[in-house]
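Results of the structural survey
Chain residues, written in single-letter form:
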Amino acid sequence: MAKKLSEFAHPDYVHYLPDWDKIRDCLKGERAIKDAGTKYLPRLKAQSQEDYDNYLCRALFFPITGKTVASLVGLATSKKPKIESPETMSQYFSDTQSAQYQFSEFYVGTFNEVVLQGRLGVLIDAPDRGGEPYPVPYIAENFVNWAEDPAGKLNMILLREYVSKTEDKFSTTVECRFRHCYIGADGVYYQEMLDEDLKPVTAAFAPTFSGSTIDYIPFTCIGASGCHMWVDKPPMLDISTIN
């Protein structure tokens, strides 16, 4: 049986997860809200199941959260950003032929998550068999635990991922995995994959850059008020609460 997130998640994650879930459901819209049943629309006293089902069906959900996010993100991304970067990095600020990364999608997606939840993580990764590195975004709900040293340097982060597995040409299952990134006792950056019980699925390995190991975790958290690991109040929390 998989461990509960509350058993190994960061205290700030546990505190804010109900808010993030509520905001995400409001963004998804009426179907997500009504599918949650009494979580968002409590049953009235002495109401039968049939009465409650009709009550739920008639309830009106106006997508204030989604419309607000769409409007703010549209305003913020209506003009192309002005970017200054070394020539060697120019490929990362344009839409390339890479299947893993398109700058325009990454740019708009970042704004969307920061406006919505006030939090987006970005890990720099690279193909297992070699190739150019690329940024991998993680929404607030998917970086579950983290730790910093006394100087504020990130020395551990636990990232949740979902892996699709095809059993045959018509059946697909989705498995939850955790990517554990950490600085080892030797000061080197390591990664390992864990299952839902936090048991290793792959052996730990040290990613390299230009053939050499690195001494930091290439992860950045973009918050509502800057780049830092502490959790900002989600910008859409108050709107989703009255939604």
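Described below are features of the structure shown in this document. (Residues numbered from 1 in each chain as written. Predicted model: local features only at pLDDT ≥ 70, side-chain atom pairs only at ≥ 80, totals over all residues. Heavy atoms only, no water.)

Looking at the sheet that holds strand β5 (residues 171–183)
Here four strands make up an open sheet; going across it, the order is β3-β4-β5-β6 and the pairing antiparallel. One side of each edge strand has no neighbouring strand; the edge strands of this open sheet are β3 (143–148) and β6 (189–194). Along the sheet, successive strands turn relative to each other by an average axial angle of 25°, direction set aside. (Pairing = 2+ DSSP bridges. Helix = DSSP H or I, 4+ residues; strand = E, 2+ residues; numbered from the N terminus. Axes fitted to C-alpha atoms, helices over the stretch in contact; angles between N-to-C directions.)

As for the pattern of salt bridges
Overall, the coordinates contain nine salt bridges when judged by the stated rule. Here Glu141 ties to Arg24 by a salt bridge, and the two come within 2.8 Å at their closest N and O atoms. Separated by 117 residues along the polypeptide, Glu141 in the loop between β2 (134–139) and β3 and Arg24 in helix α2 (residues 11–28) bring together distant segments of the chain. Across this residue pair, the class does not change: Glu141 and Arg24 are buried. (Salt bridge = Lys/Arg side-chain N within 4 Å of Asp/Glu carboxyl O. Buried < 20%, exposed > 50% of the residue type's maximum accessible area, 1.4 Å probe, protein only.)

Remarks on the environment of Leu44
Inspection of the secondary structure puts Leu44 in the loop between α3 (30–35) and α4 (49–58). Among the residues examined, Leu44 registers a relative accessible area of 46% and is labelled partly exposed. Considered as a pair, Leu44 and Tyr55 are eleven residues apart in the sequence and their alpha carbons are 9.3 Å apart.

Things to note about the nonpolar core
Counting residues in each nonpolar core, the largest one holds 34 residues, and the members touching the most others are Phe143, Ile157, Leu159, Ile217, Phe219 and Met229. Beyond its immediate sequence surroundings of up to four residues, Leu159 is in contact with Leu123, Tyr138, Asn142, Phe143, Arg177, Phe178, Arg179, Cys181 and Phe219. (Core = buried A, V, L, I, M, F, W, Y, C linked by side-chain atoms within 4.5 Å. Contact = heavy atoms within 4.5 Å.)

So, the packing of aromatic side chains
One pass over the structure, following the stated rule, counts ten aromatic pairs. The interplanar angle of 90° and the centroid separation of 5.5 Å between the aromatic rings of Phe8 and Phe178 together place this pair among those described as edge-to-face. In this pair, Phe8 sits in helix α1 (residues 5–8) while Phe178 sits in strand β5, placing the two residues 170 residues apart along the sequence. Like Phe178, Phe8 is buried. Where Tyr13 meets Trp20, the ring centres are 5.7 Å apart and the plane angle is 70°; that geometry is what we call edge-to-face. Sitting above the plane of the Tyr52 ring, Arg43 keeps its charged end 4.9 Å from the centroid. Between Arg119 and the ring centre of Trp146, over which it is positioned, the NZ or CZ distance is 4.8 Å. (Phe/Tyr/Trp six-rings, centres within 6.5 Å; stacked < 30°, edge-to-face > 60°. Lys NZ or Arg CZ within 6 Å of the ring centre and 35° of its normal.)

What to know about unusual backbone geometry
Notably, Leu198 is not glycine yet its phi reads approximately 65°, a positive angle. Here Leu198 lies in the loop between β6 and β7 (208–209). If you check the backbone angles, Ser210 has positive phi at about 55° while not being a glycine. Structurally, the position occupied by Ser210 is in the loop between β7 and β8 (212–213). Residue Ser210 is classed as exposed on the basis of its relative accessible area, which comes to 69%.

Structural notes on the pairing of strand β1 (residues 119–125)
β1 sits mainly inside the fold: six of its seven residues count as buried. Both β1 and β2 contribute to a ladder of six bridges, which runs antiparallel. Its bridge partner being in β2, Val122 is matched across the sheet by Pro137.

Some thoughts on the sheet that holds strand β9 (residues 219–223)
If you trace the three strands from one edge of the open sheet to the other, you get β2-β1-β9, paired in antiparallel fashion. This sheet does not close on itself; its edge strands, each paired only once, are β2 and β9. Ignoring strand direction, the axes of neighbouring strands in this sheet form an average angle of 25°. Where helix α6 (residues 103–116) meets the sheet, its contacts fall on β1, β2 and β9, and the angle it forms with β1 comes to roughly 145°.

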